[in-house]
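Descriptive structure summary
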Amino acid sequence: MSGKGTSKAKSKARPKKLITPKNKIPPPPAPLPPSEVVKLEPKIVVVNETDVKPLKPAGGQKLSKATKAATNKKGVKRKVEPLETQPPAQLTMERRTRVIRVPKKNGCEHVTLSEESGCEHLKVYKKNNKDSYLDNFNIIAELSMHWYHIGLPAPQEGNPNGRGLCPQKCFVCKTREGKLHACIDCVFIGCHRINNRSHAIEHYRSEGHTFAVDVVRLDLFCYRCDDYIYDSAFRRSKIQQEVHASEKESNRKDPNSKRARYVSWVPTKEETEKIRKNSTLVPCSGLRGLYNMGATCFMNAVLQVFINNPIIKNYFMSDKHNKALCETAGCMCCEFDNLFQEFFSGETKPYPPCSFLHAMWLSSTELAGYNEQDAHEFYMAAINKMHSDSKEKTADDLNKIDIKCECIMHKTFGGLFQSRIKCKKCNRVSIIFEHLVEWQIHLRGNGIVKKKGGVNGGSKASNEVTETKNSLFDCLDRCTAEEQLEGYTCEKCHEQKNTKRISCRKLPPVLVFIVERFQRTTRTTSKTSKNEEEFEFPEEINMAPWTSRAEEVLEAGGSLDDLPEYKYKLISVVNHEGKINTGHYTTYCKNRGQWFLFDDHAVKLANVEDVLQSKRKAYLCFYMAETIEYDQAQEMAIG
Amino acid sequence: MSETTENEPKYKLYETSTKHHLKSLLVKKLRDSGWTNNVKKRCGEIIKAEGADKIKISQLEDAVLSYGREMLPEEVKIELLQQISDSLDSIISSKEKT
């Protein structure tokens, strides 16, 4: 059907580069094998969810109402919500721990945070100041780093401050001794329990600000509980500040280092607004129409499917096949490489795929010329040609392709199907494997339905309307149902009665359903007509029930619930409008989560509802697996 | 308490960073003599006795304060007091010079 593309002319007819790509997008990094992938997500370790003894209730302390507006450190007025007197609460806390990875100077440290959330007073406070309860704390923490933890070396003669720039004093008595508490609701630092006095506690009594922070250690103190309390949000914030400070510190300490250490930056609210106002969106690339070069809509439709397919896109964008290095003449992989370059060049005008057309004509002469062709035939031709031209293929002979072929097309579309023939008498089972790049769907309705293994059934009157629905589920059920096999003799017992079941042994990453819309009107004539029955296909489908494993499980008496889910999501649909001999192909493709309608040179936004509504027109449906395994061994386990 | 003025020896101690040195010296000596570990253990015992969620920092501080004072090794006390008086002497003598 398709052989290696040999150029007829003696000289290499290499197409000239049409457009130089302006913004060459760097190829995405090749995926790492699983053992090398570093897990960066925080590990959540659930430890003994036990009920902790209830907290001592804050014994009947009446709180003075704090309704005065307070100013925070930046001079912005903040209202402090009054705390209602709480009835003594019986608290049970679930103990959960969370391990976070804190980057430090030499590698990282794993810090275990307990997910407890302070006392009941803190809960009320958090509720009242939902988004801003950490704001002042962050400011204090940052200042504390500056005052006590970063910056200068140990105190020396002439530089008594040393480590940190200015240790703080109590606002009232100016002492530096003992512990100093910084109020988080207003600008106040007071001494805490030094020699039986505490200006910080007096501040609480007069102002009613329940919480304060130790300026050196950044521990949160609750005056109503009269104790330091642990809160994971505050602790996490403290760690962030520590990390940030150490980053800045290491930059300052080693000015001779060639590379400044990365200091993380979180934009403030004003900065976020500024960024949002002054930025312009970059137009998306990878979307271009394809000019119709003369009844080439069949080619354009399938090409758009290939180009918007993430696996094929990744293959070419990671430079796996570089047309500058490839020496095969008329190589279709080079043509695809060229196509991707064009599509991601930043140009949004439609592209005329001349060189691709030329290469295709040379390789598949049956599709050459300006006649209207079938999209499915083109799909098959493209796959075979890509296989022949690819460097990774494992078999040259097209009849000997097996599931282990490494060429990109077979890796993406190739699935393994099995036919299981069982003898009714002696129960002998024979299995035949078939490597296919598509799954043919036969609609039931008007006309003859061709079944695999022989033509079955008489011609139905075209006026008969059957109630059988043609959804993908029904079609798959029918396809994989047990059927009587004609014309087959059991090898062991020569029994004529055998049953056959088809199922999918290994699901391909991209599953292609071909809806058979060709049918003969009568058994005797060779006229074909188009079956315009509605074919209902879902956006998402779990392929588990039609795999070989499911077949085995059901035969053994198990249930389908025990099977893992093999979820597939719709990514492309090729529609055909018109008659058998003449018509027009269009495609719906999902590009980065957004559906588009590709009609030759016109690319339009589309809704998923429109896609699903193209029931009468759907011809090729492409589904992609939700999770794709990288590991070969795991790959073979699918289905 | 009154504010510490610029001329008081206490401030001088701080200013010349002697205070910081003395403090570091004290911490080091206490750790070396094993006092720090003892106090830590005592804290643990007190917390276990009262219950980790019932105890307050003030209770802990008071309970441990007397214990710590008792357990303070004599040599550490003597050496530190010696150092402090030496530093103060040098401050006073430098003041007298100016």
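What counts, and at which threshold
- Residues numbered from 1 in each chain as written.
- Chains lettered and ligands numbered in written order.
- Predicted model: local features only at pLDDT ≥ 70, side-chain atom pairs only at ≥ 80, totals over all residues.
- Heavy atoms only, no water.
- UniProt positions renumbered as here; feature names shortened; annotations may be inferred.
- Disulfide = S-S within 2.5 Å.
- Buried < 20%, exposed > 50% of the residue type's maximum accessible area, 1.4 Å probe, protein only.
- Helix = DSSP H or I, 4+ residues; strand = E, 2+ residues; numbered from the N terminus.
- Expected span 1.5 Å × (residues − 1).
- Salt bridge = Lys/Arg side-chain N within 4 Å of Asp/Glu carboxyl O.
- pLDDT = per-residue confidence, 0-100.
- Contact = heavy atoms within 4.5 Å.
- Axes fitted to C-alpha atoms, helices over the stretch in contact; angles between N-to-C directions.
- Parallel < 35°, antiparallel > 145°, perpendicular 65-115°, else oblique.
- Nonpolar A, V, L, I, M, F, W, Y, C, P; charged D, E, K, R; others polar.
- Core = buried A, V, L, I, M, F, W, Y, C linked by side-chain atoms within 4.5 Å.
- Patch = residues over 30% accessible without salt bridge, like charges linked within 9 Å, V, L, I, M, F, W, Y side chains within 5 Å.
- Areas by Shrake-Rupley, 256 points an atom, 1.4 Å probe, with all protein chains shown as cover.
- Pairing = 2+ DSSP bridges.

An unreviewed UniProt entry lists chain B under the name Transcription and mRNA export factor SUS1, with Diversispora epigaea given as the organism. Per UniProt, chain B carries the Sequence similarities (unreviewed entry) text "Belongs to the ENY2 family."

Going by the annotation in an unreviewed UniProt entry, the name recorded for chain A is Ubiquitin carboxyl-terminal hydrolase, with Diversispora epigaea given as the source organism. Quoted verbatim from the Subcellular location (unreviewed entry) field of the UniProt record, the comment on chain A reads "Nucleus". We quote the UniProt Catalytic activity (unreviewed entry) comment for chain A here in full: "Thiol-dependent hydrolysis of ester, thioester, amide, peptide and isopeptide bonds formed by the C-terminal Gly of ubiquitin (a 76-residue protein attached to proteins as an intracellular targeting signal)."

1. Points about the state of the cysteines
Residues and elements named next belong to chain A. This structure, assessed with the given rule, holds zero disulfides over all chains. Cys119 forms no disulfide, and the closest cysteine sulfur to it belongs to Cys225, at a distance of 3.6 Å. The exposure class of Cys119 is buried, given its relative accessible area of 2%. Free of any disulfide, Cys405 has its nearest neighbouring cysteine sulfur in Cys407, separated by 3.7 Å. When its relative accessible area of 3% is taken as the criterion, Cys405 is described as buried.

2. Side note on helix H10 (residues 375-389) of chain A
Along an α-helix, a turn takes 3.6 residues, which lines up residues three or four apart on a common side. Its 15 residues place the ends of H10 of chain A 21 Å apart at the C-alpha level, agreeing with the 21 Å of an ideal helix rising 1.5 Å per residue. With 13 of its 15 residues buried, H10 of chain A lies for the most part within the structure.

3. Topic: helix H2 (residues 18-32) of chain B
In this model, H2 of chain B (15 residues) spans 21 Å end to end at C-alpha, consistent with the 21 Å of a helix rising 1.5 Å per residue. The positive-phi residue at the C-terminal boundary of H2 of chain B is Gly34 of chain B, with phi of around 90°.

4. Examining unusual backbone geometry
Residue and element names in this part refer to chain A. We note that Leu218 has phi near 60°; this positive angle belongs to a residue other than glycine. Take Leu218: it is sitting in the loop between strand S8 (211-214) and strand S9 (220-222). Using a relative accessible area of 5% as the deciding quantity, one classes Leu218 as buried. Although it is not a glycine, Asp319 adopts a positive phi angle of roughly 65°. Assignment of secondary structure puts Asp319 in the loop between helix H7 (310-317) and helix H8 (332-343).

5. Observations concerning the pattern of salt bridges
Residues and elements named next belong to chain A. All chains considered together, the criterion is met by 20 salt bridges over all chains. Among the ionic pairs, Lys530 bridges to Glu532, the shortest N-O distance being 3.4 Å. On the accessibility criterion, Glu532 (36% relative accessible area) is partly exposed. Lys617 is the partner of Glu577 in a salt bridge, and the nearest nitrogen-oxygen pair spans 3.9 Å. Of the two residues, Glu577 sits in strand S20 (residues 567-578) while Lys617 sits in the loop between helix H14 (608-613) and strand S24 (618-625), which places them 40 residues apart along the sequence. Overall, the relative accessible area of 27% leaves Lys617 in the partly exposed class. The structure contains a network of salt bridges with shared partners spanning Arg217, Asp219 and Arg235.

6. Regarding the confidence of the model for chain A
One rule of thumb: low pLDDT means the predicted coordinates there are not for detailed reading. All names here are of chain A. Per-residue confidence for chain A averages 74 on the pLDDT scale, and 70% of its residues sit at or above 70. In this model, residues 1-95 is a region of pLDDT below 50 whose contacts with residues beyond four sequence positions or in other chains number 150 contacts. Note that pLDDT drops below 50 for residues 633-639; the model gives that stretch 19 contacts with residues more than four away or on any other chain.

7. Focus on the packing of H2 of chain B against helix H5 (residues 74-97) of chain B
Residues and elements named next belong to chain B. It is the contact of H2 with H5, at a shortest axis distance of 11 Å, that shows an interaxial angle of 170°. In terms of orientation, H2 and H5 fall into the roughly antiparallel class. Mapping the contact onto sequence places Thr18, Leu22, Leu25, Leu26, Lys29 and Leu30 in H2 and Val76, Glu79, Leu80, Gln83, Ile84 and Ser87 in H5. For the contact of H2 with H5, the residue count by class is seven nonpolar, three polar and two charged.

8. Re the nonpolar core
Residue and element names in this part refer to chain A. In this structure, Phe306, Phe336, Phe378, Tyr379, Met409, Phe413 and Phe622 are the most contacted members of the largest nonpolar core, which totals 56 residues. Counting residues per element, this core draws most heavily on helix H6 (residues 297-307), which supplies nine residues. With near-sequence residues (within four places) excluded, Phe413 lies in contact with Phe306, Asn309, Ile312, Tyr379, Ile383, Leu436, Val437, Pro508, Val510, Val512 and Phe622. Counting 36 residues, the second largest nonpolar core, distinct from the first, contains Leu476, Met543, Trp546 and Tyr623.

9. Here's the deal with a nonpolar patch on the surface
Together, Phe171, Val172 and Val187 of chain A line one region of the surface with nonpolar side chains, adding up to about 240 Å² of accessible area. Assignment of secondary structure puts Val187 of chain A in the loop between strand S6 (179-183) and strand S7 (189-192).

10. What to know about the sheet that holds strand S10 (residues 227-229) of chain A
Residue and element names in this part refer to chain A. With respect to topology, five strands assemble into an open sheet ordered S7-S6-S8-S9-S10, the strand pairing being antiparallel. At either end of the open sheet lies a strand with only one pairing partner, and these are S7 and S10. Shown here is a sheet whose adjacent strand axes are inclined to one another by a mean of 40°, direction ignored. In the sheet, S6 pairs with S7 via four bridges, with the strands oriented antiparallel.

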